[in-house]
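Residue-level listing of the chains:
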Amino acid sequence: MDEHDEKVHVLLTEDTVRLEPGVTFATLPSTGAVASFLGVTRSPGHNGKPVDHLYFESYKSMALKVLREVGREAVEAHGLSRVHISHGLGNVGLGAASLCVVVSSPHRREAFRGLEQVVDALKSRAPIFKKEVYSDGTSQWVEPHQCK
Amino acid sequence: MQIKLKLFAYPRELLSASELEITICEGATLLDLRGALITLYPTLASFLPSCSFALSEELIQQCKEGNTTIDPTKELALIPPVSGG
């Protein structure tokens, strides 16, 4: 365990993704800023069709490794105190969170910048794959150029 | 030599397999494997350009596939476009 392992917590879970554990992990007496992001299932989907739910799968061992790297990079770049990343796997219904990122730092600017870096980096690098399942029973795997 | 290739997402569904066993020449590169996949699994051909390989959980850039020799003792995976979040 290096010095950043205790600062970075990553999780891939079949359970509900929740904000509170991340906030608890990230909040320290020294952290004046705790910033969070929830990625939530929305409808319509990328092609305009009504979405029933999302389905996520991952190359789990590699994804955990990449998420740790992403967290450590943000700690290095912005002097963050803590980074928590949790991502849901399997089915995630409308309105439910598939991604939770919480970062903390002594001051707000570092937290805002670090939060954006973590979200952008994990979306472009972690081997996690999303399928939109539509209300009409059809489905489609989502490609990065469709993600904003 | 015999190699195993992990599959995820669309390729996994398309080929109804989470892992392929492929026979390929000793000393073959990832570029050779890409060619072999097109021959063995033509339905995958149009999707392959958007995929990369991961060797021991490290993503290999497509421009380096010709210089990357396959080691059958290392874990090999086909990585489709990522879309987490």
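Each value, and the rule that gives it
- Residues numbered from 1 in each chain as written.
- Chains lettered and ligands numbered in written order.
- Predicted model: local features only at pLDDT ≥ 70, side-chain atom pairs only at ≥ 80, totals over all residues.
- Heavy atoms only, no water.
- Helix = DSSP H or I, 4+ residues; strand = E, 2+ residues; numbered from the N terminus.
- Rg over C-alpha atoms; globule rule 2.2 N^0.38 Å.
- Buried < 20%, exposed > 50% of the residue type's maximum accessible area, 1.4 Å probe, protein only.
- Contact = heavy atoms within 4.5 Å.
- Lys, Arg positive; Asp, Glu negative; His and termini not counted.
- Charge placed at Lys NZ, Arg CZ, Asp CG, Glu CD.
- Core = buried A, V, L, I, M, F, W, Y, C linked by side-chain atoms within 4.5 Å.
- Buried area = accessible area lost by both parts, 1.4 Å probe.
- Salt bridge = Lys/Arg side-chain N within 4 Å of Asp/Glu carboxyl O.
- Polar contact = N/O pair within 3.5 Å; in protein donor to acceptor, adjacent residues only side chain to side chain.

Trainee: How would you sum up the overall build of chain A? Please name residues and give values.
Mentor: In terms of regular secondary structure, chain A is built from 3 helices and 8 strands. Going residue by residue from the N terminus, the α and β elements of chain A occur as β-α-β-β-α-β-β-β-α-β-β. Radius of gyration (C-alpha) of chain A: 16 Å, near the 15 Å computed for a compact globule of 148 residues. Expressed along its principal axes, the backbone C-alpha trace of chain A runs to roughly 50 × 25 × 25 Å. In chain A, which comprises 148 residues, the proportion classed as buried is 48%. Taking the contacts inside chain A whose residues are at least 6 apart along the sequence as the reference set, 76% of them involve residues at least 24 apart. Within chain A, one finds 17 positive and 18 negative side-chain charges whose respective centroids are separated by 3 Å.

Trainee: How would you explain the environment of P29 of chain A if you had to name every residue and give the values?
Mentor: With respect to the element layout, P29 of chain A can be found in the loop between helix 1 (19-26) and strand 2 (33-40). On a C-alpha basis, the gap between P29 of chain A and L115 of chain A in space is 19 Å, while along the polypeptide they are 86 residues apart.

Trainee: So, the nonpolar core: which residues are in play, and what are the values?
Mentor: Counting 42 residues, the largest nonpolar core has V83, I85, V101, V103 and V118 of chain A together with I79 of chain B as the members making the most contacts within it. It is helix 2 (residues 60-78) of chain A that contributes the most residues to this core, 8 residues altogether. Setting aside its immediate chain neighbours within four residues, I79 of chain B contacts Y59, M62 and F129 of chain A together with S50, C51, S52, F53, A54 and L59 of chain B.

Trainee: Can you explain the interface of chain A and chain B? Please cite residues and give values.
Mentor: Taken together, the contacts link 25 residues of chain A with 21 residues of chain B. Of the roughly 1900 Å² buried at the junction of chain A and chain B (both faces included), carbon and sulfur atoms supply 55%. The interface formed by chain A and chain B holds 3 salt bridges in total. E57 of chain A is paired through a salt bridge with R12 of chain B; the nearest N and O atoms lie 2.4 Å apart. Run the count over chain A and chain B and you get 14 residue pairs in polar contact (both at pLDDT 80 or more).

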